[in-house]
Amino acid sequence: MAYLELENLTKHFEKSEGWFTQPTVVKAVDGVDLTIEKGEILGLVGESGCGKSTLSRLIMQLIEPTSGSVVLEGERLADLSPQEIRGRRCDFQMIFQDPYASLNPRMTIYSTLAEAVQTRGQVEQAELQNRVGEIMERVGLDPRFVRKYPHEFSGGQRQRIAIARALATEPKLVIADEPVSALDVSIQSQILNLLRELQRELNLTMIFITHDLSVVRYIADRIAVMEAGKIVELDEAEAVFDRPKSDCAKKLLEAVPKIQFRP
Ligand SMILES: Nc1ncnc2c1ncn2[C@@H]1O[C@H](COP(=O)(O)OP(=O)(O)OP(=O)(O)O)[C@@H](O)[C@H]1O
Ligand SMILES: [Mg+2]
């Protein structure tokens, strides 16, 4: 059984231009069929506006599909009650492009991580402190900084905090939506390395969204290329790089900088 299956998943938005014009339909996600195995890293690439973020919000059950379904470990998520969905929330986590926007500026790192740990259930103080310290070390942050606030960290460190928070709930599926796009190139490879290490260690299933093919080159097992709401190419990462078939993949490859970094 596949870990995650998307069946004809579709999300259309109605966009009205003005009061007297017919609303136009934006086919943000348009009939996506996709199967992801446990422990796989799938790179999801495509140009801005092709529907990558909408697809991830559909998988995360943050928005309702127009049609089609998300099947997680054989369970059709639409058939679950809101309560059951809430119970499964810890199993899937997202990491976003801008950690500053996704972290609560008024919460210390300790509160942020302690809250995330306890979504799985109450933990007593001493144990909680240990867990938070362990998680911080695991993502390369000094546990002595646990009482600091997000603004006291650099962009790369903040992304480590966001990664720590995602891991604190012990997720099975992580969707990272452009997790390194806002970072300096020198920091990008550190964060990519960290994500890959964690994925291996914890056998996470991961969807890695980016418009920059060079970012998924060394991290993804397979790459799905998305264009106008559809998956137009899906293959082993190497094959997409060496023998791109779709015009979209070719175009994205042309945009890859000639000087490659190797995380
Ligand atoms: N809530 C919404 N209401 C209306 N249209 C939307 C909404 N969310 C997304 N869209 C439209 O759906 C399309 C896909 O958007 P989406 O954000 O999924 O693209 P993306 O691939 O993530 O782009 P980017 O690389 O810029 O993040 C776009 O045309 C966008 O304008
Ligand atoms: Mg997006």
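Residues numbered from 1 in each chain as written. Chains lettered and ligands numbered in written order. Predicted model: local features only at pLDDT ≥ 70, side-chain atom pairs only at ≥ 80, totals over all residues.

1. Observations regarding the sheet that holds strand β5 (residues 75–76)
In spatial order, the strands read β2-β1-β4-β5; together these four strands make up an open sheet with antiparallel pairing. Two strands close off the open sheet at either side, each with one partner strand: β2 (24–36) and β5. Bridge analysis of strand β4 (residues 67–72) against β5 gives two bridges, and the strand direction is antiparallel. Residue Leu72 lies in a different strand from β5, and its bridge partner there is Glu75. Helix α1 (residues 52–59) rests against β1 (4–15), β2 and β4 of the sheet, and its axis sits at about 60° to β2. (Pairing = 2+ DSSP bridges. Helix = DSSP H or I, 4+ residues; strand = E, 2+ residues; numbered from the N terminus. Contact = placed C-beta atoms within 7 Å. Axes fitted to C-alpha atoms, helices over the stretch in contact; angles between N-to-C directions.)

2. A short note on the site of ligand 1
In the vicinity of ligand 1, 13 residues are found, and the nearest of them are Phe13, Ala28, Ser48, Ser53 and Thr54. Broken down by secondary-structure element, the contributors of at least two residues to the shell around ligand 1 are β1, β2 and α1. By residue class, the composition of the shell around ligand 1 is four nonpolar, seven polar and two charged. (Near = placed C-beta within 6 Å. Nonpolar A, V, L, I, M, F, W, Y, C, P; charged D, E, K, R; others polar.)

3. Quick word on the packing of helix α4 (residues 109–117) against helix α5 (residues 125–138)
For the pair α4 and α5, interaxial distance at closest approach is 10 Å and the crossing angle is 110°. With respect to each other, α4 and α5 are oriented roughly perpendicular. Residues Tyr110, Leu113, Ala114 and Val117 of α4 touch α5, and the partners they reach there are Leu128, Arg131, Val132 and Ile135. Tallied by class, residues from the contact of α4 with α5 come to seven nonpolar, no polar and one charged. (Parallel < 35°, antiparallel > 145°, perpendicular 65-115°, else oblique.)

4. With respect to helix α6 (residues 155–168)
Spanning 14 residues, α6 covers 20 Å between terminal C-alpha atoms, matching the ideal 20 Å at 1.5 Å per step. Within α6, 12 of the 14 residues are buried, which leaves it mostly tucked inside the rest of the structure. All of the buried residues in α6 are Gln157, Arg158, Gln159, Arg160, Ile161, Ala162, Ile163, Ala164, Arg165, Ala166, Leu167 and Ala168. Next to the buried residues of α6 lie β6 (92–95), α3 (99–102), α4, α5, β7 (173–177) and α7 (185–202). Within two residues after α6, Glu170 carries a phi angle of roughly 55°, on the positive side. (Expected span 1.5 Å × (residues − 1). Buried ≥ 20, exposed ≤ 12 C-beta atoms within 10 Å, placed from the backbone.)

Note that every value here comes from positions in space, so none of it alone points to a role or purpose.
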